[in-house]
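Observations on chain architecture
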Amino acid sequence: MDSRAFLGLQPTHNRFRWSLAVTHGLSTGGNFLFGGCGLAAAILAMESTAERQCIWATAQYLSYARPGEVLDIDVTLAVEGRRMTQARAVCHVGNREVLTVNAALGHRPMPHHGQWEHMPEVPPPSQGRRRPHRLPVEGTIAERLDELMIGGRDIDRLDGTHGNGQSLLWARLEGVVEGVDAASLAILGDFVPFGVGQALGVRGGGNSLDNTLRVVSLVPTEWVLLDIRVHAVQRGFGHGLVHMFAEDGTLLATASQSCIVRFWKPADDIRENS
């Protein structure tokens, strides 16, 4: 399947409005729409409406959408040029705005190019270990993500000792076999909150306030390396960046986020051992 089928995004009679049924398979263990899925749906809606590929997109998360609700996505093509479109998507459940996404879409042929950010030297996915989760993942978005830890600590090793701010995961979307696109990278890029818990060495993470995806180069790859860098945690908020690399070392995209730092409640600290 492709990323649209993965999400279940549907067009409507109005080419500027799209519809996403919020299911448990798109939601976190906390029973709300995973932020990366919301951004992915908005990107797909804007790409399909503008008929251009995403260059960058930034989401501001305002509220929650719950399983059983329908997220309507209203697209505005604010400026349409010869090579580029500036667009906006307002995602809402009824009158409740859930997230707003601004984006630029397009392509400019140019002979000059280069990549100055390089993939860290890491073992291949075959040598990674499955990421443990604190809650059962059955039926949630976590069950549909294959996550293999390369650099990072298991839950029982989070003892309050600060890490170096870097975590490394190999990840892929279960069943998405038609290659990575901006939407799938939006889902895979929503991992700064995970990195915050790793950096602080605590059983916690956070809720995303925003996510900015910058798409560099889309090449075929089964696995995506998530090089998660937490820059700082201050005033109750965490800030960081994810570099996403194809298996051949191509920089696919970057995703930067700020999040509300939250600690897990002891009653919720249940490990998932699959």
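Scroll up for the structure.
Residues numbered from 1 in each chain as written. Predicted model: local features only at pLDDT ≥ 70, side-chain atom pairs only at ≥ 80, totals over all residues. Heavy atoms only, no water.

Within the fold, Glu47 resides in helix 2 (residues 35–50). Although Glu47 is buried, it makes no salt bridge; Arg4 carries the closest opposite charge, 7.8 Å away. Residues contacting Glu47, with those up to four places away along its chain left out, are Arg52, Gln53, Cys54, Leu105 and Ala182. (Helix = DSSP H or I, 4+ residues; strand = E, 2+ residues; numbered from the N terminus. Buried < 20%, exposed > 50% of the residue type's maximum accessible area, 1.4 Å probe, protein only. Lys, Arg positive; Asp, Glu negative; His and termini not counted. Salt bridge = Lys/Arg side-chain N within 4 Å of Asp/Glu carboxyl O. Contact = heavy atoms within 4.5 Å.)

Membership of the largest hydrophobic core comes to 73 residues, with the highest contact counts inside it found for Leu7, Leu71, Ile73, Leu213, Leu226 and Met244. Residue contributions to this core peak at 10 residues, all from helix 2. In terms of nonpolar packing, the next biggest core, distinct from the first, is built from eight residues, Leu148, Ile150, Trp170 and Trp223 among them. (Core = buried A, V, L, I, M, F, W, Y, C linked by side-chain atoms within 4.5 Å.)

This part is about the pattern of salt bridges. Counted under the stated rule, the structure contains 10 salt bridges. Notably, a salt bridge pairs Arg17 with Asp74, separated by 2.6 Å at the nearest N-O pair. Of this pair, Arg17 sits in strand 2 (residues 17–21) while Asp74 sits in strand 4 (residues 70–80), and the two are 57 residues apart along the sequence. Since its relative accessible area comes to 24%, Asp74 is described here as partly exposed. Linking Asp146 and Arg130 is a salt bridge whose minimum nitrogen-to-oxygen distance equals 3.7 Å. With Asp146 in strand 8 (residues 145–151) and Arg130 in strand 7 (residues 129–130), the pair connects residues that are 16 residues apart, well separated along the chain. Each member of the salt-bridge network shares a partner with another, and the members are Arg130, Asp146, Arg172 and Glu222.

For the rest of this paragraph, the subject is the pairing of strand 2. Two elements, strand 1 (residues 9–11) and strand 2, share three bridges in a ladder whose sense is antiparallel. The residue of strand 2 that forms the bridge with Leu9 is Leu20. Between strand 1 and strand 2, which pair antiparallel one after the other, the connecting turn spans five residues. Strand direction decides the pairing type here: strand 2 and strand 4, joined by five bridges, are antiparallel. When the sheet's bridge partners are listed, Ser19 is paired in strand 4 with Asp72. (Pairing = 2+ DSSP bridges.)

A separate point is the pairing of strand 9 (residues 166–173). Counted residue by residue, strand 9 has six buried out of eight residues, so it is predominantly covered. Note that strand 8 and strand 9 share six bridges and pair antiparallel. Of the residues in strand 9, the one forming a bridge with Met149 is Leu169. By the bridge criterion, six bridges tie strand 9 to strand 12 (residues 224–234) in an arrangement that is antiparallel. Bridging from a neighbouring strand, Ala171 pairs with Val224 of strand 12.

Tracing the chain through its elements places Pro120 in the loop between strand 6 (96–106) and strand 7. It is 9.4 Å that separates the C-alpha atoms of Pro120 and Phe245, two residues lying 125 residues apart in sequence. In this structure, Pro120 is in contact with Gln166, Leu168, Leu225, Asp227 and Phe245, ignoring residues within four places of it in sequence.

Under the criterion given, the structure shown has two aromatic pairs. Taking the centre distance of 4.7 Å and the plane angle of 50° together, the rings of Phe32 and Tyr64 count as tilted. With a gap of 32 residues between them, Phe32 in the loop between strand 2 and helix 2 and Tyr64 in the loop between strand 3 (54–61) and strand 4 connect regions that are remote in the sequence. When its relative accessible area of 18% is taken as the criterion, Phe32 is described as buried. Ring plane angle 80° and centroid distance 6.4 Å describe the contact between Phe191 and Phe194, whose orientation is recorded as edge-to-face. Assessed through its relative accessible area of 5%, Phe191 is described here as buried. Judged by relative accessible area, which is 13%, Phe194 ranks as buried. When the ring centre of Phe6 is taken as reference, the NZ or CZ atom of Arg144 above it lies at 3.8 Å. (Phe/Tyr/Trp six-rings, centres within 6.5 Å; stacked < 30°, edge-to-face > 60°. Lys NZ or Arg CZ within 6 Å of the ring centre and 35° of its normal.)

These figures capture arrangement, not role.
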